[in-house]
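# Observations on chain architecture
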Amino acid sequence: MSAVLFVTGGAGFIGSSFVLQEVARGSRVITLDALTYAGNLANLSALRDSENHVFVHGKIGDGALVASLLATHRPDAIVHFAAESHVDRSIHSAASFVETNVVGSFRLLEAARAYWSTLDAEAAARFRFVHVSTDEVYGSLEPDDPPFCETTAYAPNSPYAASKAASDHFARAAFHTHGLPVIITHCSNNYGPRQFPEKLIPLMILNAVERKPLPVYGDGRNVRDWIYVGDHCEALGAIVRDGRPGEVYDVGGGAEMANIEVVHRICDLVDEFVPDARGPRRALVSFVADRPGHDRRYAIDSAKIRRELGWTPRETFDSGLRRTVRWYLEHPTWVAEVRSGDYRRWIELNYGARGGGRT
Ligand code: NAD
Ligand code: TYD
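Residues numbered from 1 in each chain as written. Chains lettered and ligands numbered in written order. Predicted model: local features only at pLDDT ≥ 70, side-chain atom pairs only at ≥ 80, totals over all residues. Heavy atoms only, no water.

### Some points on the overall build of the protein
Just so we agree on the cut-off: In this text, helices come from DSSP runs of H or I with a minimum length of four residues, and strands from runs of E with a minimum of two, each type numbered from the N-terminal end. When we talk radius of gyration, it's over C-alpha atoms, and the globule rule is simply 2.2 Å times the number of residues to the 0.38. In this charge count, Lys and Arg are treated as positive and Asp and Glu as negative; neither His nor the chain ends contribute. Lysine's charge is taken at NZ, arginine's at CZ, aspartate's at CG and glutamate's at CD.
A count of helical and extended segments in the protein gives 13 helices and 13 strands. The C-alpha atoms of the protein give a radius of gyration of 20 Å, which matches the 21 Å a tight globule of 359 residues would have. Reported as C-alpha extents along the three principal axes, the dimensions of the protein are approximately 65 × 45 × 40 Å. Of note, the protein has its 39 positive side-chain charges centred 3 Å away from the centre of its 44 negative side-chain charges.

### Some remarks on the site of ligand 1
This is how the line gets drawn: To be near a molecule or strand, a residue needs just one of its heavy atoms within 4 Å of it. A 3.5 Å cut-off defines polar contacts: any pair of N or O atoms within that distance qualifies, except that in protein one atom must be a possible hydrogen donor and the other a possible acceptor, and neighbouring residues in sequence count only when both atoms are side-chain atoms. Accessible surface area values rest on a Shrake-Rupley calculation with a 1.4 Å probe, where residue burial reflects the displayed protein chains alone.
Lining the immediate surroundings of ligand 1 are 28 residues, of which Ile 14, Asp 33, Ser 85, Tyr 160 and Lys 164 lie closest. Within the backbone of Gly 12, one N or O atom sits 3.0 Å away from an oxygen atom of ligand 1. The backbone of Ile 60 places a nitrogen or oxygen atom 3.0 Å from a nitrogen atom of ligand 1. Bound to the protein, ligand 1 loses 96% of the 840 Å² it would expose on its own.

### Overview of the layout of surface pockets
The condition that has to hold: Space inside and on the surface of the protein is sampled on a 1 Å grid over the protein atoms alone, with a cavity defined as a set of points where a 1.4 Å probe fits but cannot get out and a pocket as an open set with protein on both sides within 12 Å along at least 5 of 7 lines; lining residues have an atom within 4 Å of a point. Grid points are joined across faces, edges and corners, and a volume is the space filled by probe spheres set on the points. When residues are sorted by character, Ala, Val, Leu, Ile, Met, Phe, Trp, Tyr, Cys and Pro go into the nonpolar class, Asp, Glu, Lys and Arg into the charged class, and all the rest, Gly among them, into the polar class.
For the second largest pocket, the calculated volume is near 300 Å³. Along the walls of the second largest pocket sit 14 residues, with Leu 203, Asn 207, Lys 212, Ile 347 and Tyr 351 positioned nearest its centre. Among the secondary structure elements, those contributing two or more residues to the lining of the second largest pocket are helix H7 (200–209), strand E13 (285–288) and helix H13 (341–351). The greatest single-element share of the lining of the second largest pocket, amounting to four residues, is contributed by H13. Along the lines of polarity and charge, the residues of the lining of the second largest pocket split into seven nonpolar, three polar and four charged.

### A word on empty space enclosed by the protein
What the rule picks out here adds up to two cavities of 30 Å³ or more. Around the largest cavity, the lining residues are Val 87, Glu 136, Ser 158, Arg 224, Arg 291, Pro 292, Gly 293, His 294, Asp 295 and Tyr 298. Considered class by class, the residues forming the lining of the largest cavity number three nonpolar, three polar and four charged. The computed volume of the second largest cavity comes to approximately 30 Å³. By residue class, the composition of the lining of the second largest cavity is five nonpolar, four polar and one charged.

### A word on the pattern of salt bridges
Operational definition: Whenever Lys or Arg places a side-chain nitrogen within 4 Å of a carboxyl oxygen from Asp or Glu, that contact is recorded as a salt bridge. Relative accessible area decides the class of each residue, using a 1.4 Å probe on protein chains only: under 20% of the type maximum gives buried, over 50% gives exposed, and in between gives partly exposed.
Here the structure, examined in full by the defined rule, presents 23 salt bridges. A salt bridge links Glu 210 to Lys 212; the shortest N-O distance between them is 2.9 Å. When its relative accessible area of 40% is taken as the criterion, Glu 210 is described as partly exposed. Note that Glu 210 and Arg 339 form a salt bridge whose closest N and O atoms lie 2.8 Å from each other. Pair noted here: Glu 210 is in the loop between H7 and strand E8 (214–217) and Arg 339 is in the loop between helix H12 (332–338) and H13, with a separation of 129 residues, a long-range link.

### Examining the nonpolar core
How we decide: Note on terminology: a nonpolar core comprises buried Ala, Val, Leu, Ile, Met, Phe, Trp, Tyr and Cys residues joined through side-chain atoms within 4.5 Å. Whether two residues are in contact is decided by their heavy atoms: any pair within 4.5 Å suffices.
Ile 201, Leu 214, Ile 266 and Phe 317 are the most contacted members of the largest nonpolar core, which has 38 residues in total. Going through the elements one at a time, H7, E8, strand E12 (256–258), helix H9 (259–273), E13, helix H11 (317–330), H12 and H13 are the ones with two or more residues in this core. Counting residues per element, this core draws most heavily on H9, which supplies seven residues. With residues near it in sequence (within four places) discarded, Phe 317 still touches Tyr 191, Ile 201, Trp 226, Ala 255, Met 257, Val 262 and Arg 265. Core analysis: the second largest hydrophobic core is formed by 32 residues, Val 19, Leu 47, Val 79 and Phe 81 among them.

### Quick look at the state of the cysteines
How we decide: When two cysteine sulfur atoms lie within 2.5 Å, the pair is treated as a disulfide.
This structure, assessed with the given rule, holds zero disulfides. Unpaired in terms of disulfides, Cys 187 finds its nearest cysteine sulfur in Cys 233, a separation of 8.8 Å. For Cys 187, a relative accessible area of 4% puts it in the buried group. Among the residues examined, Cys 233 registers a relative accessible area of 0% and is labelled buried.

### Considerations on the site of ligand 2
Close contacts around ligand 2 come from 19 residues, with Glu 136, Arg 224, Arg 291, His 294 and Tyr 351 the closest. For ligand 2, an oxygen atom lies 2.9 Å from a polar atom in the side chain of Asn 259. A distance of 2.5 Å is found between an oxygen atom of ligand 2 and a side-chain nitrogen or oxygen belonging to Arg 291. Elements supplying a minimum of two residues to the shell around ligand 2: helix H3 (87–92), H7 and E8. Among the residues forming the shell around ligand 2, the class breakdown is eight nonpolar, five polar and six charged.

### Quick notes on the sheet that holds strand E1 (residues 4–8)
For clarity, the threshold we go by: If DSSP finds at least two bridges between two strands, the strands pair. To obtain each axis, a line is fitted to C-alpha atoms, and for helices this fit is confined to the stretch in contact; angles are then taken between N-to-C directions over 0 to 180 degrees.
The strand order across the open sheet built from seven strands is E3-E2-E1-E4-E5-E6-E11, with neighbouring strands paired in parallel fashion. If you trace the sheet from one side to the other, it starts and ends with strand E3 (53–57) and strand E11 (248–251), each paired once. Adjacent strand axes in the sheet meet at a mean angle of 20 degrees when their direction is disregarded. Where strand E5 (residues 128–134) lies against strand E6 (residues 182–187), six bridges are found, and the strand directions are parallel. In the strand pairing of E6, Val 132 is matched with Thr 185. In the packing of helix H6 (residues 159–178) onto the sheet, the strands contacted are E5 and E6, and the crossing angle to E5 comes to about 155 degrees. Packed onto the sheet, helix H8 (residues 229–242) meets E1, strand E4 (77–80), E5, E6 and E11 and runs at close to 150 degrees relative to E5.

From the geometry alone we can't say anything about function, so treat these as descriptive.
Take a look at the structure:
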């Protein structure tokens, strides 16, 4: 089905992958993005001449702007990615997380509800609001705990996770109280092309290429369940088309791995693609002060979306990581542009006081 989709945060990492996927499928997409430090129009440059893509620079919390865009473009679905997304930044300052993730999401839901109430019965029944959330709202698992699933209780531990949990509750309430056809998703850690290099995998790839220290927090034994971004976006596409309103779908890559193992694999791939006589990049690993409140383990049970929507990830961690390392090596201009003055200030703020050097 070709559809009109209103995508928030579509200039970011996952949003841009979703927008590219959906335009390629024949959908018409309206992207609303505030272009914060994490938003980058270069992520959508392939769509510059596309008649099926409209980019609007603005905030999800701007009710008048969102109302007018919805009235003009009359989308079949809103897919809401826009957020402040980095845990470490939320530890330094959470104000923008409350502003965007909580207040912004609430205002977006209100605008969606007002628009939805103008639709005829058939269009209103077809409409979807897909709220893209994270497994981090569930807190942290012990080594032998079963993975998170749709009925796991909320226990957010970081300011980022708390802000996402708060927005999930408003999204849920919009369905239960007002009938807005909301679907909430919780996905595990994404990786892939166009991820801002403040996050573990792209940071480590770029540092390894340049033979800079690889700052691993704590003992490096924290576990994440990695999913290739394209697989997450295919899950979201299936949810937009066939997901049931009021439902929650948890999406994971089935690839649990300790951080130190992820970093070692990145080192080995960079050694393979960019051989260096100075020796293996694993020697660059530097254990640094841990993140406060660092969740030990995340893992997702995706049985529901696999069963109900027939979704399954295509990439293994090995194949996805190989594609990802290659992408960063092949896009030096993208990398140079995102590592601006603001990026350098962040690196100094986050890593300056952590110490390190132990390998
Ligand atoms: P990102 O930080 O790369 O992109 C966020 C985008 O939102 C940017 O383009 C930014 O400019 C935009 N934005 C921020 N504030 C805005 C505002 N007020 N109005 C409009 N646009 C605004 O994030 P990402 O990694 O692509 O994550 C996208 C969504 O997926 C987030 O909601 C995140 O919580 C969720 N998620 C991410 C992961 C992950 O591993 N990255 C996993 C699960 C869920
Ligand atoms: P991150 O990519 O920030 O995702 P999240 O915190 O949302 O899971 O971090 C992934 C894991 O990598 C997490 O356990 C923290 C760890 N990490 C490091 O060890 N060093 C780093 O420099 C970064 C950014 C993350």
